[in-house]
Amino acid sequence: MLEGEIIKFYREKSGLTQAMLGEGICTPTHVSKIERGKTAYSPEIISLFSAVLNIDIQKEVEYFRDLDKRLQEWHKAIIMYRLARAEEIKNELESTPFIQSSKYAAHYLLLKARYHLLHQELEDVSRIIKQISHEFHHLSLFERNLFYHVQGMYYINQAIKPDCTNQQKALQVLKNIDINEYGNEEYFYHLAIAYHYIDSKIMAYMFAEKSLQHFKNTNNYTMAIKAESIILLQISSDILTDMDKLAERYHHLIWDCERIGYHDYKGLLYNNLGFEYFNREQYAKAKDCYKQALRLADRNTIIYLQRLYSYLNSCVEGKLSGKTALLKKACEGIQVSKELKSTLYLSLFKLSKYQLYHQREKYFKYLEEKAFPEFVKIKHMILMRRYGKKLYEYYIETGHHEKAIHLNRLLEGNELINV
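Source: prediction; values computed, not measured. (Residues numbered from 1 in each chain as written. Predicted model: local features only at pLDDT ≥ 70, side-chain atom pairs only at ≥ 80, totals over all residues. Heavy atoms only, no water.)

Notes on the overall build of the protein chain
Tallying secondary structure elements over the protein chain gives 24 helices and zero strands in all. Seen along its three principal axes, the alpha-carbon backbone of the protein chain occupies a region of about 95 × 40 × 40 Å. Expressed as a percentage of its 419 residues, the buried residues of the protein chain come to 48%. Expressed as a percentage of contacts within the protein chain between residues at least 6 apart in sequence, the contacts between residues at least 24 apart total 59%. Accessible area of the protein chain: about 21,700 Å², with a carbon and sulfur share of 51%. Taking the average place of the 58 positive charges on the side chains of the protein chain and the average place of its 52 negative ones, the gap between the two points comes to 6 Å. (Helix = DSSP H or I, 4+ residues; strand = E, 2+ residues; numbered from the N terminus. Buried < 20%, exposed > 50% of the residue type's maximum accessible area, 1.4 Å probe, protein only. Contact = heavy atoms within 4.5 Å. Areas by Shrake-Rupley, 256 points an atom, 1.4 Å probe, with all protein chains shown as cover. Lys, Arg positive; Asp, Glu negative; His and termini not counted. Charge placed at Lys NZ, Arg CZ, Asp CG, Glu CD.)

A look at the confidence of the model for the protein chain
Averaged over every residue, the pLDDT of the protein chain is 90; residues scoring 70 or more account for 95%. Low pLDDT, under 50, characterises residues 415-419; the stretch is placed with five contacts to residues that sit more than four places away or in other chains. (pLDDT = per-residue confidence, 0-100.)

Points about the packing of helix α6 (residues 67-79) against helix α8 (residues 105-118)
Remark: α6 packs on α8, axes separated minimally by 10 Å, with the N-to-C direction vectors making an angle of 20°. In terms of orientation, α6 lies roughly parallel with respect to α8. Remark: the crossing between α6 and α8 carries left-handed chirality. Contacts from Asp68, Leu71, Trp74, His75, Ile78 and Ile79 of α6 reach α8 at His107, Tyr108, Leu111, Lys112, Arg114, Tyr115 and Leu118. Among the residues making up the contact of α6 with α8, the classes are represented as eight nonpolar, two polar and three charged. (Axes fitted to C-alpha atoms, helices over the stretch in contact; angles between N-to-C directions. Parallel < 35°, antiparallel > 145°, perpendicular 65-115°, else oblique. Left-handed = near helix turned anticlockwise from the far one by under 90°. Nonpolar A, V, L, I, M, F, W, Y, C, P; charged D, E, K, R; others polar.)

Regarding the UniProt feature "domain: HTH cro/C1-type" (unreviewed entry) in the protein chain
The residues that UniProt annotates with the feature "domain: HTH cro/C1-type" (unreviewed entry) are residues 7-64. Each end of residues 7-64 is marked by a C-alpha atom, and these two atoms are 12 Å apart; helix forms 67% of the span and strand 0%. (UniProt positions renumbered as here; feature names shortened; annotations may be inferred.)

Let's talk about the state of the cysteines
This structure, assessed with the given rule, holds zero disulfides. Sulfur of cysteine 315: no disulfide; nearest cysteine sulfur belongs to cysteine 289 and is 12 Å away. (Disulfide = S-S within 2.5 Å.)

Thoughts on the packing of aromatic side chains
Applying the stated criterion across every chain, the model contains 20 aromatic pairs. With a centroid separation of 6.3 Å and 40° between ring planes, the pair formed by tryptophan 74 and tyrosine 115 is classed as tilted. With tryptophan 74 in helix α6 and tyrosine 115 in helix α8, this pair connects stretches of sequence that are 41 residues apart. We classify tyrosine 115 as buried; its relative accessible area is 6%. Residues phenylalanine 364 and tyrosine 394 carry aromatic rings whose centres are separated by 4.1 Å and whose planes lie at 5° to one another, so their mutual orientation is stacked. A residue pair is termed long-range when its members are at least 10 positions apart, and phenylalanine 364 in helix α22 (residues 360-377) and tyrosine 394 in helix α23 (residues 381-397) qualify at 30 residues. Classification of tyrosine 394 by relative accessible area gives buried; the value is 11%. Following the ring pairs from residue to residue traces out a cluster consisting of Tyr187, Phe188, Tyr195 and Phe207. Seen from the ring of phenylalanine 188, lysine 210 lies directly overhead, with NZ or CZ sitting 5.1 Å from the centre. (Phe/Tyr/Trp six-rings, centres within 6.5 Å; stacked < 30°, edge-to-face > 60°. Lys NZ or Arg CZ within 6 Å of the ring centre and 35° of its normal.)

Written out as structure tokens, the structure reads:
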């Protein structure tokens, strides 16, 4: 019973034992049963307990009963990307004295993890996931599915990192969710991302479409933009896709971001469009897109490094800037890579530097011995294909046919794994 939970919380907060609270009122055993909801009790006893603890029990009960509704409101604000409202409810819930010792404790902590995900505070998310795993062994069906969802989103954020060694972890967790028990169709979007990371385009497209429909039905415009961007990533690999029409859809999404004030996502859209132009060897347009994306990135992040490298690579491949300017960008990339301790981007910018200096032998020696093994280790399929092709052609040109055969088998094997 609610009264028992509240009495227990305030008794422990006041530093009283059950015997001390029950003195002159009832036995310690009876106090224990009341707190655990194992016995009936009179309103007079609760009033006496309340007087000792100096609380208004009815007010506390009413607020406690409202907690479930407040948690649902918080969850909705997070899903809808209403940052101000999410912050307001968070502060209100944090001031609730007994929330972490109530039956809503797990639900509250899981939503707190979602709040941290919203702000990319991944260490806090990891801490809560571990706490839930160790302290809460009897989650409700909804809480269990929410736990899987939080874990999946956490692993998706880990998979973004270039040194991630297991991009399938998010999918493995998300597939445990029972949508009939959970009821939150937002998770289709995260399933789409998880399938995208393992290059399963059909499944990614299907779940992105499902999530897009859900976001449209719920007027969640921010997430609808994200879902459609996932769809565009899947259809762009089709050689029959009209690039002009694809670019038009990207620009519509960018305009939508401006219209609703979602400026953070514009950079990602420009980056993705630049990637499509680059793959079609339209390097000047790719450069322009990456330049826009770079302006919207924080220099002290891996995202900045990724966009700087893409910008530099477009300029190099398209011969679009002078050597001095490009070397400056390469040196900046090397410096930022060292600051962020990113061995992957350190390798990529070093390769660019060797290429700009026309140091062909150093370029392929470094690619063979250092860079490409790292691409394989982290299973970065895009880089494995791009640089594997260059290394394969170099082996054929220099007569290293056994190495070429071995490399071809490696690439074919990884293609099959990631179908």
